[in-house]
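Chain by chain, the residues:
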Amino acid sequence: MINWVATRHELASLWLTRWTPWVLLAILMALISWQWFALMDQQLLESEQNQSMTGVTAAIMIPMFLPMTLLLFLLAALSGFRGFGPDQLSGQDILIRSAPVSAGSRVLAKVLAGWSLPLMLIVWLAILAMVLSFGHDLDQGRLLLALSGLMLISLVAVLFTQVISALIQQPLFAVLFSLMVLMALWSIDQAAVSRSVDDTWLSLISLTAHYRHFLTGQLLPSGVLFLLGLIFVLSVTLIMLVRRQVRVSQSRGYQIAVLAVLMLTLLLAAVDAMRDREAVIDVTSDRRHSLSEASTQALALMSEPVEITAFAGKGSRLRTPIRQFLDPWLRDSDQLSLQFLDPVEHLPLIRQLDIRADGELLVRYQDRQETLRLLNDHDLTQLLIRLSRQTPRIISYASGSGEGDFRGQANFDFGIIGAAMSQRGIVQTPIDLLLTPVLPDNLGVLIVPPARGGLMPGVAEAVASYLQQGGNLLLLQDPEPISVSSLGQNSAALIGYQPILEFLGISALPGRVIDMNPSASSGDSPLNVLIQRYPDMPITQAFRLPSLLPDSLAYMTPCTEVPLARTAFACQPMLQTQPASWTETGALSGAIQFNADAGEQRGPLNVGVALTRLREDGSEQRVVVVGDSDFLSNRFVANGGNLDLGLRMIEWLSDQGDQLTVAARIDDTNGFQWSSSRVGWMAVITMLLLPLLTGLCGLLMVRRWLRA
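In this report, the structure presented in the accompanying data block is examined. Just so you know, the residues in each chain are numbered from 1, in the order the chain's sequence is written. Given that the model is predicted, a residue must reach a pLDDT of at least 70 before its local features are reported, and side-chain atom pairs must reach 80 or more before they are shown or counted; all residues, however, enter totals for whole chains, interfaces and linings. Think of the side-chain values as coming from all heavy atoms in the structure, minus any hydrogens and water.

Quick look at the sheet that holds strand β4 (residues 336-341)
Strand pairs in the sheet, formed through backbone hydrogen bonds, run parallel or antiparallel to each other.
Thought 1: Whether two strands pair comes down to DSSP finding at least two bridges between them. Helix and strand definitions follow DSSP, with helices as H or I runs of at least four residues and strands as E runs of at least two, each counted in order from the N terminus. If you trace the four strands from one edge of the open sheet to the other, you get β4-β3-β5-β6, paired in mixed fashion. Edge positions in the sheet fall to β4 and β6 (368-372), since each has one partner strand and no second. For this sheet, the mean angle separating the axes of adjacent strands, direction not counted, is 20 degrees.
Thought 2: With five bridges joining them, strand β5 (residues 361-365) and β6 adopt antiparallel strand pairing. Every axis corresponds to a line fitted to the C-alpha atoms, with the helix fit spanning only the stretch in contact, and the corresponding angles, defined between N-to-C directions, vary from 0 to 180 degrees.

Below is the structure:
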């Protein structure tokens, strides 16, 4: 049975007889609160600019945990000043050993006393999370796992320091040696993350490398075994050192050292064997580390090996998130394999495959391959489905009236996206709508880019007839010339699009869109429209890249998501401008400003809409209308997510019924919801008032104890 007398004595001598721990606790509380406030302030700024794409848990709380390990290592090393070495130097060790207190009780007392300050800071971190939960739905499972891992890793550091203190009598040398070893473990983790060297053994022995999985919300049995095993090995070693007094019997000390090394070796071997095939427990609220049913079905379609090549340099920090993203896929299927290539060492291959960004993935299956830029389950699932298709898809695009060519190389052509469609197994065929007024019934998708001088009446009627037959359409428009815009009339009526838009139930607003959003880094021209947020719909699901429309018109969409009649279209806004935008009908010279008297409309404006309706056979007819064609042209398609967005539109339109819906990973919040004044008050309370109150309460307790 544990004797708690020694523990109470150690805690009392630390917290009731000295004011230093209380002052240190108050200072550290203020520093942690300052970091918390800085992250909140950054999240508030991003939310006000509509740039926040990350939940509160991931943006504010999780970034605080990994730096906390460094602070806890320092505090654990300082606990060596109150270890077993000082007791031996002062002679108190002889008196303590003569008392009826077991070695286990003595070890427990020293460890709990040394662990008390780190534990209080972890509790303070949990309190900050609880405060943040008022108004936000935090990922509680992820936070609890991160806090639990922090407690385990700090306990390991305190136990290690106490072992060193039992071996080295001089407290200063024990603290310096403990700090040096703990900082070495931190450096090992940084080397493992940077991937500058082989991380097979580095990530095995690093404390923080195992703790990183706790931060992602993944409970790995190997990580838990490593930390708990270290606690057991260090506890047993410390008890044996205290019980046998290694300095009295040197041979006995060698035996303890050999036993400790043997236990540690067996532990590392067990952890290494477990890491290869271990069941990962996903504790996140949205199950982001587990494959959805749709992704599992997509993997089942792959009957042959799938090779995934990630282009990330040896020192790139993108390797870790790529591994974490693909881990569930690799665990779920033996068909997938992953390898990393350094882009610097494979420049000819980079040019051949048109790899544009560090961290891009190349997925090969049979004789087909495709690149992936966005790391999300939705895009990878659809990519695997495309690679599994045996028959190509065929689409047609209007030509013959000055439209851009999907095989051309000029700036106004669409050759880049055309090549990307070919890589995805989509065959493009040109069709002259003037020579083919009646389109074939089996035409899957028709793309109508702007023609020079607008659509001819016969072309507009042919497209409207094609829509009436149930065809899928991608309609790209451009604003009218500035000389026509100054007339303040509807551009679509002037250049021939009116029959198509009337059939769809939408209308184009006069003028062109002006975007004055201060957060938009889209160049000097106010015509550049930057789209940063997208609705939750099939085309833009899990899409996070900004897209740039260099010159656009807007649409009025009176139709609803549920049509009033069976023959009507249901429409949903797909691309919307920021509130600081409007339709400019005047000349683009001098000071440009909004003029409501001229009939100009203020944002948000719909510059792209998706429309659907049911055909007689029960299938879905799909139409996408975008008020700008330049964003897919060779000149602008490489900007932001333009290419990916265009491919998503075409994929949705040419869907053969084998698409699988992957539920979007709903973040734990829709944005930071605290006002700036509330953040300011919380900063004053957490950075100043509560730390001061803690320090004063501690000083009063010490004063009363000393007087008593």
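A few points about the side chain of Ser206
Thought 1: Along the chain, Ser206 turns up in the loop between α9 (202-205) and α10 (207-216).
Thought 2: N or O atoms closer than or at 3.5 Å make up a polar contact, with two conditions inside protein: a donor-capable atom paired with an acceptor-capable one, and, for residues adjacent in sequence, both atoms drawn from side chains. In this structure the side chain of Ser206 is engaged in a polar contact, spanning 3.4 Å, whose partner is the side chain of Thr208.
Thought 3: Contacts: residue pairs with any heavy atoms within 4.5 Å of one another. With near-sequence residues (within four places) excluded, Ser206 lies in contact with Leu185, Ile188, Asp189 and Phe226.

Comments concerning the pattern of salt bridges
Thought 1: When a carboxyl oxygen of Asp or Glu lies within 4 Å of a side-chain nitrogen of Lys or Arg, that pair is called a salt bridge. Scanning all chains against the criterion turns up nine salt bridges.
Thought 2: A salt bridge links Arg368 to Asp367; the shortest N-O distance between them is 3.3 Å.
Thought 3: Under the scheme applied here, a residue whose accessible area is under 20% of the maximum for its type counts as buried, over 50% as exposed, and between as partly exposed, the area being computed with a 1.4 Å probe on protein chains only. Judged by its relative accessible area of 22%, Arg368 falls in the partly exposed class.
Thought 4: In this structure Asp367 comes out as exposed when scored by relative accessible area, which is 68%.
Thought 5: Ionic pairing is found between Arg386 and Glu651, a salt bridge with its closest N-O pair at 3.4 Å. With a gap of 265 residues between them, Arg386 in helix α16 (residues 377-388) and Glu651 in helix α22 (residues 642-653) connect regions that are remote in the sequence. Of the two residues, Arg386 and Glu651, neither departs from the other in class, the shared state being buried.

A look at the packing of helix α14 (residues 319-332) against α16
How two helices pack is summed up by the angle between their axes together with the distance between the axes.
Thought 1: It is at 12 Å that the axes of α14 and α16 come closest, and there the two elements cross at 45 degrees. Between α14 and α16, the interaxial angle falls into the category oblique. Seen along the crossing, α14 lies across α16 with a hand that is right-handed. On α16, the residues that touch Phe325, Leu326 and Trp329 of α14 are Asp377, Leu380, Thr381 and Leu384.
Thought 2: Here the contact of α14 with α16 is built from residues that sort into five nonpolar, one polar and one charged. Angle categories: roughly parallel below 35 degrees, roughly antiparallel above 145, roughly perpendicular from 65 to 115, and oblique for all the rest. When the near helix sits turned anticlockwise from the far one by under a right angle, the crossing is termed left-handed; a clockwise turn instead gives a right-handed crossing. The classification used treats Ala, Val, Leu, Ile, Met, Phe, Trp, Tyr, Cys and Pro as nonpolar, Asp, Glu, Lys and Arg as charged, and all other residues, Gly among them, as polar.

Some details on unusual backbone geometry
Leaving glycine aside, a negative phi is the common case for residues, and trans is the common case for peptide bonds.
Thought 1: Positive phi, normally seen in glycine, also occurs at Gln366, with a value near 55 degrees.
Thought 2: Mapped onto the secondary structure, Gln366 falls in the loop between β5 and β6.
Thought 3: Judged by relative accessible area, which is 36%, Gln366 ranks as partly exposed.

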